[in-house]
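An overview of the molecular structure
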Amino acid sequence: MTQEQTNLLQGTLDLLILRTLRLGEMHGLGIARRIEQITQGTFSVKTGSLFPALRRMQEEGWIKSAWGESEANRKAKYYRLTKAGRKQLETETAKWERVALGISRTLEAS
Amino acid sequence: MTKRARSGWLPRAISWLRNVTHREQDEREIAAEVSAHLALLIEEKVRAGMKPEEAERAARVELGGIEQVKEQVRDARAGAWLDTLVRDCRFALRMARKNPGFTGVVVLTLALGIAANTTVLSWISATLLNPIPGVAHTSDLVTVARGDRSDHPTPPFSYPDLRDLSERTQTFSGLLGYHDDYMSLTGVAKPERLYGALTTANYFDLLGVHLILGRAFLPEEGTPSAGAAVIVIGYAVWQNHFAGDAQIVGKTIQINRHPYTVVGVAPRDFTGCAPGLRTELWIPLPMDRDVWGADRPAYRGTYWLNVMGKLRPGVTTNQAEAELNLLMQGIVERFPEYHQDSPNEISLDPLWRSPFGINGYLYKVLPMLLGLAGVLLLLACANVAGLLLVRSVGRRREIAIRLGMGASRRQIIRQFLIESLLLGLLGGGGAIAITVWTSRSLAAFFPPSNLPLTNDAHIDQRVLFVTIGVSILAAILFGILPALRSSGLPVQAVLKEEASSVSLTLHKGRLLSGLVVAQISLSLVLLVCAGLFTRSLQKAQQADPGFEASHLLLASYELSPAGYTRATSAAFDRQVLDRLSALPGVESVTLADFSPLSFSIHTDYLQIEGYVPQPHESMEISRAIVGPNYFRTLRTSVISGREFTAADTVDSQLVAVVNQAFVDRYWPDEDAIGKQVTDGRDRYTIVGIARNAKYRLLTYPSEPVIYLPIYQAYRSTQDTTIHLRTTGDPLTMASSVEETIHQLNPELPLFNVNPLSVTMQLGTLFGRVAATFAGSFGLLAMLLAAVGIYGVVAYSTRQRAREIGIRMALGAEQRGIYRLVLGQGFRLTLAGLVVGTALAVAFTRLLKAQLFGVSATDAITFASVGLLLAVVALVACHIPARRATRVDPMVALRHE
């Protein structure tokens, strides 16, 4: 995998995770399933990408985690947005919209 | 990335700290999360209707390997690069410890290669780069020399000329002048003969030396009419003679039995501004009368001052040189009578090649030695690269497994380079340990001499810094090839191979051979240089100096500081000669104001009867003041006429002897006997012609010399050296000579009591330094090359054991096998010799100027070095070849 691809996907994954967590706290599998569901399977989130991303975002201070119990009384780690995370989500969203707008204009123009 | 730096450096830093401090807890946390995730996945699948076992398998597939996920999380962790680095370093350390023999050989090889460089560098740092210890900024200081740029400059300026130049120059913020020579610290418990300088008043200020006590000279103390008996003393004098007395300023001390008031103490490091010479006393110029009984500042025709200048900011050396030449021309036009005998061209030099002191010689020798050391290091790198390459073959499986497990090529290269770096730094550490000792070796080459030579080469910050840099550079140099080679393995192929049958790919074999050829050729270069220097030194030592050095004892004394006048000096000298010649074991004895080959002969400006100098021809000619029987004692034959006798006194006709070179140059085809020569004050008649003798350097051509008799040509500033020819070992006479002098004057110190054969070592100092170091570099290079070729041939023989076994099973003779292996080594050696010869021819051309009596492409040296190297290489190949013939085909094949 080349560096550019990783960065692009990483940035996108971050945005998707932040967006998903806006709805409330969620464990890792829940986040993955929710993203798959919302994007109708366009993004399938691999565990090998999800956990490193969660870890990194935690270290950035965007999300926090705590152990809790799942619906079926299983132990699971739950993630939730922090204040910094909400702010990050706004910036990321704005940025993404700018990029998306730019790209779609380019595509339309040609 | 920038986004991150803006928003989250603090949380990241905190995370990093936590990651470092809570390593185990973090590991448990990661493990717990991943397994919880797996459990959730399984549960999800079970709920979707899968059987438990099926669900677990599917979940594991989806997860993609628990360990991998954990590893990916670890990599995302803040400070992950540090973890990797630590892990790689730990692994490198483990590899190094696992193979102590290999590590030892590599580290030793590198340590020696790097130490050769750091040793020479420590000398360069202490001399060329730090020409005036105690003066931090020397880049705007230049030396000002007049006349031919020669290896033995004489002080070029008179005081009035210097004063005129100083007053008019616009390009210099100041010019300083000094004259250094020995003076005696008297009136203390233990009188000592010390090197001191008469200086202009601006000396310390211009150099930027801040005295640790008291003050520098005042401008009025420097004017010729001043009679201020003031002195600045060196740190060592202050400590040794005055116990570091804090109240020393204002006290009176004695120099040459005259009182001086101490006005300052120089800082510890500062030992004057002639590189490599140790000055310890400083007195204003006008005190010449007191110190040396002369009044030289008064005369425009007396050239006795070394001059240095500080350039104004923004002025280039060329501009300053042009300006001084213009000013000098004006002076010459105004005072032609004082300048017509000498060339007046002025040249400026930066201090690293200052003609005053030792740098004038070192700047030619040291960079050359550094070049040789660089070649040695290159060779060491080739050697280590070969070793690493061979070892990496043994590690092919390990590497292939790591590549197969998903390590990237970059990771493998990084791992290899870190291992190399570790070896390089260990080598650098070893080199520093070696250099602590070898940096002092330059001083060990200085023979006892009448010069106050000083050398304080040691490992300074600069050397340390460069050592680390060189170690890293070397590590990259020898590590990169094996790293690139090993990381590009075809994983499948390697894993399928049986470990024992892994052989060199053709490519790698070629690379290894190339490294061996490089080692042989580089060692040939070094050996040729060593051979040339050694032969050149031999030639110099065997060269006929024109006198017989063995069985001659030298001992010096100085009369004028002890209060002797011209008349009492002559009487004393006579008594010395009478008493010494009466001693048993003495063949003959004489006196002179110099000794051969110790840079102590003086010069004079002469007018020669019947000879018209060319415009600007220097008439500065070597002048020796000698006693009766000088030529008989030194065994320098007098070709015609007579030599001096005790009857040549002030009351008889003034006479002189000249050497053959003098006659050849100034009176070719004429009879020199009876002609006359004037030295500015007196007219001497030639009564004898002597054979040429070398007094400066053995490697210089013979130059004209005039000899004047000691009782006629009195110089108050001279010291007198006894030349005693003994029947036995000259050193055994030392104590009776000292006794005899002390019977005549118990107070008079006798110094430099040494055999001439010892003191004349100074004349070959730089030749010996070059020969010794080039020699040891060469031998080391040969050893490394031998080990290198042995390693490669032995290794490839081991790899070919099966092939050899088959050959033998098919009936090949032992002799054939032997030839097969030796042939491989021989081909490599031959290639190395050819390449090396070409390199050496190119390289030795740079040494031409340093060689004496031997050409830079000396056939004998090249041939014998090539032969030596070939023999050594073949001996190194002989061992594996012999081993190959003992291969038991059954064992070799079964091993498969």
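Residues numbered from 1 in each chain as written. Chains lettered and ligands numbered in written order. Predicted model: local features only at pLDDT ≥ 70, side-chain atom pairs only at ≥ 80, totals over all residues.

Comments concerning the overall build of chain B
- Helix and strand content of chain B: 29 helices and 22 strands.
- Counting across all 896 residues of chain B, residues that qualify as buried make up 44%. (Helix = DSSP H or I, 4+ residues; strand = E, 2+ residues; numbered from the N terminus. Buried ≥ 20, exposed ≤ 12 C-beta atoms within 10 Å, placed from the backbone.)

Concerning the overall build of chain A
- Summing up its helical and strand segments, chain A has four helices and three strands in all.
- Secondary structure of chain A in N-to-C order comes out as α-β-α-α-β-β-α.
- Counting all 110 residues of chain A, 29% fall into the buried class.
- Taking contacts inside chain A between residues at least 6 apart in sequence as the whole, the part at least 24 apart equals 46%. (Contact = placed C-beta atoms within 7 Å.)

Quick notes on the domain arrangement of chain B
- Segmentation of chain B into domains returns domain 1 (2-78), domain 2 (141-357), domain 3 (362-541 + 765-894) and domain 4 (559-748).
- The gap between the C-alpha centroids of domain 2 of chain B and domain 4 of chain B is 29 Å. (Domains from an automatic or database assignment.)

Observations concerning the interface of chain B and chain A
- Contacts between chain B and chain A engage 23 residues on the former and 21 residues on the latter.
- When residues of the side of chain B that touches chain A are traced back to their parent elements, those giving at least two are helix H1 (2-21), helix H2 (23-47) and helix H4 (66-76) of chain B.
- Among the elements that make up the side of chain B that touches chain A, the one with the highest residue count is H2 of chain B (seven residues).
- Split by residue class, the side of chain B that touches chain A holds ten nonpolar, seven polar and six charged. (Nonpolar A, V, L, I, M, F, W, Y, C, P; charged D, E, K, R; others polar.)

Considering the packing of helix H25 (residues 765-799) of chain B against helix H27 (residues 814-844) of chain B
Residue and element names in this part refer to chain B.
- In contact at an axis separation of 10 Å, H25 and H27 are set at 145 degrees when each is read in the N-to-C sense. By crossing handedness, the relation of H25 to H27 is classed as right-handed. Contacts between H25 and H27 involve Ile789, Val793, Ser796 and Thr797 from the first element and Val821, Gln824, Gly825, Leu828 and Thr829 from the second.
- Across the contact of H25 with H27, the residue classes tally to four nonpolar, five polar and no charged. (Axes fitted to C-alpha atoms, helices over the stretch in contact; angles between N-to-C directions. Left-handed = near helix turned anticlockwise from the far one by under 90°.)

Here's the deal with the sheet that holds strand S2 (residues 63-69) of chain A
Residue and element names in this part refer to chain A.
- Taken in spatial order, the three strands line up as S1-S3-S2 in an open sheet, and their pairing is antiparallel. Of all the strands in the sheet, just strand S1 (26-27) and S2 have a single pairing partner and so form its edges.
- Strand direction decides the pairing type here: S1 and strand S3 (residues 75-81), joined by two bridges, are antiparallel. Each bridged residue has a counterpart across the sheet, and for Met26 the counterpart in S3 is Tyr79. (Pairing = 2+ DSSP bridges.)

Some remarks on the confidence of the model for chain A
- On average, residues of chain A score 82 in pLDDT, and 89% of them reach the 70 mark or higher.
- With pLDDT under 50 throughout, residues 1-8 of chain A is counted as low confidence; its partners more than four residues away or in other chains account for one contact. (pLDDT = per-residue confidence, 0-100.)

Describing helix H7 (residues 159-168) of chain B
All names here are of chain B.
- Taken as a whole, H7 has its buried residues at Tyr159, Asp161, Leu162 and Leu165. With its buried residues spanning 160 degrees around the axis, H7 presents them on a single face.
- Each element contacted by the buried residues of H7 is listed here: strand S2 (172-186), strand S9 (306-311) and helix H11 (317-334). (Arc of directions from axis to C-beta.)

Section: the nonpolar core
Residue and element names in this part refer to chain B.
- Of all hydrophobic cores here, the largest spans 166 residues; its most connected members are Leu376, Leu526, Phe777, Ala781 and Ile789.
- Lining this core are residues from two domains, each supplying at least three of them: domain 3 (362-541 + 765-894) and domain 4 (559-748).
- With residues up to four places along the chain from it excluded, the contact list for Leu376 reads Gly113, Ala116, Leu526, Phe777, Leu780 and Ala781. (Core = buried A, V, L, I, M, F, W, Y, C linked by C-beta atoms within 7 Å.)

Details of the environment of Pro613 of chain B
All names here are of chain B.
- Among the structural elements, Pro613 can be located in the loop between strand S14 (607-608) and strand S15 (620-626).
- Exposure remark for Pro613: the 15 C-beta atoms within 10 Å place this residue in the partly exposed category.
- In this structure, the C-alpha to C-alpha distance between Pro613 and Gln340, residues 273 residues apart in sequence, is 9.4 Å.

Let's talk about unusual backbone geometry
- Positioned with a positive phi, Arg257 of chain B is a non-glycine residue whose angle comes to about 65 degrees.
- The class for Arg257 of chain B is partly exposed, based on 14 C-beta atoms found within 10 Å.

Quick word on the packing of helix H2 (residues 28-38) of chain A against helix H3 (residues 47-60) of chain A
Residue and element names in this part refer to chain A.
- Where H2 contacts H3, the two axes come as close as 11 Å, and the packing angle between them is 115 degrees. Considered as vectors, H2 and H3 are oriented roughly perpendicular to each other. The handedness of the crossing between H2 and H3 comes out as right-handed. Taken together, the residues of H3 that come into contact with H2 (itself represented by Gly28, Ile31 and Ala32) are Leu50, Phe51 and Leu54. (Parallel < 35°, antiparallel > 145°, perpendicular 65-115°, else oblique.)

Remarks on the environment of Phe416 of chain B
All names here are of chain B.
- Note that Phe416 resides in helix H15 (residues 409-438).
- Residue Phe416 is classed as buried on the basis of its C-beta count, with 25 C-beta atoms lying within 10 Å.
- Separated by 217 residues in sequence, Phe416 and Thr633 have C-alpha atoms that sit 70 Å apart.
- Filtering out sequence-adjacent residues up to four positions away, Phe416 remains in contact with Gly479, Pro482, Ala483 and Ser486.

Observations regarding the pairing of strand S20 (residues 705-709) of chain B
All names here are of chain B.
- Most of S20 is tucked away, with five of its five residues classed as buried.
- As paired elements, strand S17 (residues 655-659) and S20 share two bridges and run antiparallel to each other. Note that in S20 the partner of Val657 across the bridge is Tyr707.

Quick look at the confidence of the model for chain B
All names here are of chain B.
- Put simply, chain B has an average pLDDT of 87, and 95% of its residues get 70 or more.
- Confidence drops under a pLDDT of 50 for residues 1-6, and excluding neighbours within four residues, the segment shows one contact in the predicted structure.
- Across residues 499-506 the pLDDT falls below 50, and counting only partners more than four positions away or on other chains, this stretch makes eleven contacts in the model.
- Taken over the whole predicted complex, pTM reads 0.79, whereas the ipTM for its chain interfaces reads 0.84.

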